[in-house]
Structures are given as structure tokens and as C-alpha cells.
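# Coordinate inspection notes
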Amino acid sequence: MNNENKTIHDFDFHLICEYFSKLERQGPGSIEVTVKALSFIDHLTSESRIADIGCGTGKQTLVLAKHAPGMITGIDLFSGFIEILNKNAALQNLHERVTGQVGSMENLPFRKEELDVIWSEGAIYNIGFERGLREWRGFLKRGGFIAVSEACWLTDE
């Protein structure tokens, strides 16, 4: 198989995990940006369900938990990232509200209209922006939100 046809599933997960798990965040963003984006969502309660898709080691997942009520499920393809998320959730006493699960954003474990918020910082590109929005919206309750960030490169042309 040539490199042009490889997907993320064709690469060595251990190598990817080892490299990226040492970084504070696995994508663009910051605590301040996460909190600002979250501030636009004001109807969340302790009964709310939030999914962080492509959560990595969960830096933003834990920020969400500190600034929003409800139950949060982080989904990532890499088990090493999920282990770090679950460990940090326990260390920060957030383990009763935050759960990391190994899974693919192409086959999410949620029921139709189960979620109040779908969050994805810098990860939706893995299945494509349009496809992600199209497929994930069915998991949202009426009035729910999808919050995603996507790296962009803008030029004069």
C-alpha cells in the first residue's frame, strides 16, 4: 500500500500514542478557547449528556467537566489516550461525571437523540467536516449543540 492511500488505521497506534500522549493537547486550542466556546451554551443541567469525540488525552474534556454540569463521555480511537483521560479524571475527582471510552467517531456508541452537546476540538477532520456534522447530528436532542474546531489555512487567494 502506498502512503497516499493510508488511513489512520494503517499506522502504528503505539507510536502515535507514545508521541502525542506527551503533549498537553493533541490538537489546536486552549483552556480559554474551550471555556469561551462553552459559554455560548447555557441550558445545560446535571442531567445533560455531553460527548467529546476525538478527545485525545482529554485536556478539553476535563475543562468541560469543570465548567459545565452533566455527564461527559470522551471517545478516542487510542486506548492509551483513554487511559490517561480516565486516570486524570480520577485524580481530579471528576470520575463520576467523566468517562473515557475507546471507540471510533465513525461508529459512535450513542443512541439517536441522546446527547445535549457534541464537542470535538480539532478532530472532526478524521472523517471530514461535512460527514461528521451530517452523521453526528442524529445523536443530538432537539435544541442540542455541536461544537467543533477545525484547523484552517487562509490565504489571499
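So, how was this worked out
- Residues numbered from 1 in each chain as written.
- Predicted model: local features only at pLDDT ≥ 70, side-chain atom pairs only at ≥ 80, totals over all residues.
- Heavy atoms only, no water.
- Helix = DSSP H or I, 4+ residues; strand = E, 2+ residues; numbered from the N terminus.
- Buried < 20%, exposed > 50% of the residue type's maximum accessible area, 1.4 Å probe, protein only.
- Contact = heavy atoms within 4.5 Å.
- Core = buried A, V, L, I, M, F, W, Y, C linked by side-chain atoms within 4.5 Å.
- Pairing = 2+ DSSP bridges.
- Axes fitted to C-alpha atoms, helices over the stretch in contact; angles between N-to-C directions.
- Salt bridge = Lys/Arg side-chain N within 4 Å of Asp/Glu carboxyl O.
- Polar contact = N/O pair within 3.5 Å; in protein donor to acceptor, adjacent residues only side chain to side chain.
- Right-handed = clockwise from strand over helix to strand, strands pointing away.

### Describing the side chain of threonine 61
Tracing the chain through its elements places threonine 61 in helix α3 (residues 59-67). The exposure class of threonine 61 is buried, given its relative accessible area of 0%. In this structure, threonine 61 is in contact with Asp52, Cys55, Ile72, Leu85 and Val98, ignoring residues within four places of it in sequence.

### Here's the deal with the nonpolar core
Counting residues in hydrophobic clusters, the biggest one holds 18 residues, and the most contacted among them are Leu44, Ile50, Val98 and Trp119. Contributions of two or more residues to this core are made by α3, α4 (79-91) and β4 (115-121). If we ignore the near neighbours within four places in the chain, the residues touching tryptophan 119 are Thr34, Ala37, Leu38, Ile41, Ala51, Asp52, Ile53, Gln60, Leu64 and Ala147. In terms of nonpolar packing, the next biggest core, distinct from the first, is built from 14 residues, Ala51, Leu108, Ala123 and Ile124 among them.

### Observations regarding the sheet that holds strand β5 (residues 140-149)
With parallel pairing, five strands are arranged side by side in an open sheet as β3-β2-β1-β4-β5. With partners counted over all chains shown, the strands left at the sheet margins are β3 (98-102) and β5, one partner each. Ignoring which end each strand starts from, the neighbouring axes of this sheet average 20° apart. Here strand β1 (residues 49-53) pairs with strand β2 (residues 71-76) via five bridges, running parallel. Bridge pairing links isoleucine 50 to isoleucine 72 in β2.

### As for the pattern of salt bridges
The tally for this structure, following the rule as stated, stands at five salt bridges. Salt bridges here are not isolated pairs; linked through shared partners, they connect Arg49, Arg111 and Glu114.

### Some remarks on the environment of glutamate 135
Inspection of the secondary structure puts glutamate 135 in helix α5 (residues 129-136). A relative accessible area of 34% places glutamate 135 in the partly exposed class. Expressed as a C-alpha distance, the spacing of glutamate 135 and leucine 108, which sit 27 residues apart in the sequence, is 9.8 Å. Among the polar contacts listed, one links the side chain of glutamate 135 to the side chain of arginine 131, at a separation of 2.7 Å.

### Observations concerning the pairing of β4
In regular strands, side chains alternate between the two faces of the sheet. Most of β4 sits inside the fold, with seven of its seven residues counted as buried. Both β1 and β4 contribute to a ladder of three bridges, which runs parallel. Looking at the pairing, alanine 51 lines up with isoleucine 118 of β4. The pairing of β4 with β5 spans six bridges and is parallel. Residue pairing in the sheet places valine 117 in a bridge with phenylalanine 145 of β5. For the handedness criterion, the β-α-β arrangement of β4, α5 and β5 is classed as right-handed.

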